[in-house]
Amino acid sequence: MNKLVTISLFISLLTSLFFSCVDDERITEYVKPTEPAAMDKSVVLTMQIPGTYTPVTYAYSENDENEVRTVDVLAFKVDSAGNESYFKHITVPSLSQDNGNVKMIRFRLELVDTRLIVLANVRNLFTQELEDQLLTDAAMGGMTKEKIMQRFVFEMNEPFGVKQEPFPMYGESGVLRSSEDTAGDIKMIRSITRIDVVNSILDDKVTIDSVYLFNAKNKGFVAPAFDAKGAILGTPNMPAHATPHMEAFGYRFVQNAGTVSPAMEREIYLTEDGQDTDSPTLIVLKITRDGNPSFYRVDMRGKDGELMPVLRNYRYRLNVAKILGDGYPTAEMAASVIRPSLSSTVETNELGISSIIFNDQYKLGVSATDLLFKADGSWEGQKSGEVFNSLKVYTTYSGWSVEWEGEGLDGWLTIDGVNLTDKNRVDFPASRLDLNIKATANKTGAQRSGRLKLTAGALSLTVNIVQYS
């Protein structure tokens, strides 16, 4: 009897263990491991460098004004209230050197709302000391671009071009959302300015031998000036510790090929200067007249008679028109006189922009103020494969608008991405660079015409458009 009980208990124990294991197997299910969430993204950014690549045989033949050797990106986080603070420095790999005015770069970026500051050709400024300071800035938080960019100052201890160095450049994006991976077109602003000299004196016995630059400033900010809201200003931005060079920079006057009047182009580059101190940037020319050399001062003055400020990314074309009096035996003596001894006119334009207006703070410019189309819709200078006549627009104001004035469009004129037929006015952010304009074939037998009025705050420019019959 006891044996039967023992056997029964043993069988019950085995049965319990068996069904217990089966229940455990039923409960255990395979769970697929979750993939880690993406922490960053690949960002594409296009750098637009104003100006056309036109090789010349002088100071900047091989490394043209458009050359970019290094690119560094400073990323600023943007919170829900729109406040921006520095958080990261990104070193962009080397670029292909085609010297074109459009360059595309790619880099990795965290999934946060950001504004990107693009610095070209200033890798040498990123010393270990600056890198350590930037790490501290990121850890502290609250460091705006205005504060950060105070740290980026470049030197001009000798004339640009002596070492064939590329120009420092600055650009910034709009706010790039965490879900976006394309920063769009960013206009790059050269941190230097250029002066061309033209001999417009109608006398074969008068030749320009040399050009001397006095009081050129030895330092410059990479970034332009900003207003209280962080918008770019059209005013000079000079480091407080910048000083004028004690010695003049000298340049041999060599006429560029293909110019009607003897003109020295793409040779003189310098830092910004407000021209409002006791040591303004001055130009002295060594001129040979009837075989006798003398030195003459020539000024860049505006219509009001005041010295024009030397602004970054501008070209000043100094046309020497007439000798007003006797010259001086040395360049230093000519520079020290109160009044210039040459009469001149000055053409100013931002490089790549043909017409610019500006007030004390902001500026608005376009690449052309007249667009002419042929009856078949083509235009002079149209390149193979070009579909649109691209009007480049640039302003430092917070935004701008375009408005059609004149005859009805009636479909004969179209602007890529813009519908001016439903309403005459369309608004754009300041980052918009191009209006791509196309005219349909004109078979009406009559000329078509109208105007595009561009407005940025209190600034306004008109672009005339004509299509022949």
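Bear in mind the structure is a predicted one, so any value in this text is a computation, not a measurement.

Enquirer: Lay out helix H2 (residues 128–140) in plain terms, naming residues and giving numbers.
Expert: Between the first and last C-alpha of H2 there are 18 Å, a value that for 13 residues agrees with the 18 Å anticipated at 1.5 Å per step. When H2 is considered as a whole, its buried residues turn out to be Leu-130, Leu-134 and Asp-137. An end-on view of H2 places all buried positions within 55° of arc, on one side of the element. Exposed side chains of H2 directed beyond 90 degrees from the buried face belong to Gln-128, Glu-129, Leu-135, Ala-139 and Met-140. Looking at the packing, one finds that the buried side of H2 touches strand E3 (84–92) and helix H3 (145–148). One or two steps after H2, the chain reaches Gly-141, where phi turns positive at roughly 75°.

Enquirer: Tell me about the sheet that holds strand E21 (residues 370–373), residues and numbers included.
Expert: Spatial ordering of the open sheet is given by E21-E28-E27-E23-E25, a layout of five strands whose pairing is mixed. Across the chains shown, the open sheet's two edge strands, defined by having one partner strand only, are E21 and strand E25 (425–429). With direction set aside, neighbouring strand axes in the sheet form an average angle of 20°. Direction of pairing for strand E23 (residues 399–406) relative to strand E27 (residues 448–456): antiparallel, over a ladder of six bridges.

Enquirer: Tell me what's going on with unusual backbone geometry, and back it up with residues and numbers.
Expert: Of note, the phi angle at Asn-215 is positive, near 65°, even though the residue is not glycine. Within the secondary structure layout, Asn-215 lies in the loop between strand E11 (206–214) and strand E12 (219–221). Relative accessible area serves as the criterion here: at 19%, Asn-215 is assigned to the buried category. Its identity as a non-glycine residue notwithstanding, Asn-313 has a phi of 65°, on the positive side. Among the residues examined, Asn-313 registers a relative accessible area of 0% and is labelled buried.

Enquirer: Hey, could you go over the packing of aromatic side chains for me, with residue numbers and the actual values?
Expert: Within the structure shown, the criterion is met by 10 aromatic pairs. Between the aromatic rings of Phe-373 and Trp-379, the centroid separation amounts to 6.0 Å while the plane-to-plane angle is 80°, which identifies the pairing as edge-to-face. You'll find Phe-373 and Trp-379 in the same group, each marked buried. Three or more aromatic residues joined by ring pairs make a cluster, and in this case those are Phe-154, Phe-160, Phe-167 and Tyr-269. Positioned over the ring face of Phe-87 is Lys-77, at 5.1 Å from the centre of the ring.

Enquirer: Residues and numbers for the confidence of the model for the protein, please.
Expert: For the protein, per-residue confidence averages 82 on the pLDDT scale, and residues scoring 70 or more make up 81% of the total. Counting interchain partners and residues more than four positions distant, the pLDDT-below-50 stretch residues 52–63 has 33 contacts.

Enquirer: Provide a residue-level description of the pairing of strand E2 (residues 71–78), including the pertinent values.
Expert: For E2, a buried count of seven out of eight residues is recorded, marking the element as mostly surrounded by other parts of the structure. Across eight bridges, E2 lies against E3 in antiparallel orientation. When the bridges of E3 are listed, Ala-75 appears paired with Lys-88. If you look at the hairpin formed by E2 and E3, you'll find five residues sitting between the two strands, and Gly-82 has a positive phi there, around 90°. Of the pairings in the sheet, the one linking E2 to strand E5 (residues 114–120) comprises seven bridges and is antiparallel in character. Paired with Val-73 across the two strands is Val-118, which belongs to E5.

Enquirer: Describe the pattern of salt bridges, naming the residues involved and giving the relevant values.
Expert: Under the defined criterion, the tally for this structure stands at 18 salt bridges. As a salt-bridge pair, Glu-84 and Arg-115 come within 2.7 Å of each other at their nearest N and O atoms. With Glu-84 in strand E3 and Arg-115 in strand E5, this residue pair connects regions lying 31 residues apart in the sequence. By relative accessible area, which is 17% here, Arg-115 ends up buried. A salt bridge links Asp-209 to Arg-252; its shortest N-O distance comes to 2.8 Å. Of this pair, Asp-209 sits in strand E11 while Arg-252 is found in strand E13 (residues 249–252), placing the two residues 43 residues apart along the sequence. Under the relative-accessibility criterion, Asp-209 is labelled partly exposed at 22%. For Arg-252, a relative accessible area of 54% gives the class exposed. When salt bridges that share partners are traced, they join Asp-209, Arg-252 and Lys-286 into one network.

Basis of the calculations
Residues numbered from 1 in each chain as written. Predicted model: local features only at pLDDT ≥ 70, side-chain atom pairs only at ≥ 80, totals over all residues. Heavy atoms only, no water. Helix = DSSP H or I, 4+ residues; strand = E, 2+ residues; numbered from the N terminus. Expected span 1.5 Å × (residues − 1). Buried < 20%, exposed > 50% of the residue type's maximum accessible area, 1.4 Å probe, protein only. Arc of directions from axis to C-beta. Contact = heavy atoms within 4.5 Å. Pairing = 2+ DSSP bridges. Axes fitted to C-alpha atoms, helices over the stretch in contact; angles between N-to-C directions. Phe/Tyr/Trp six-rings, centres within 6.5 Å; stacked < 30°, edge-to-face > 60°. Lys NZ or Arg CZ within 6 Å of the ring centre and 35° of its normal. pLDDT = per-residue confidence, 0-100. Salt bridge = Lys/Arg side-chain N within 4 Å of Asp/Glu carboxyl O.

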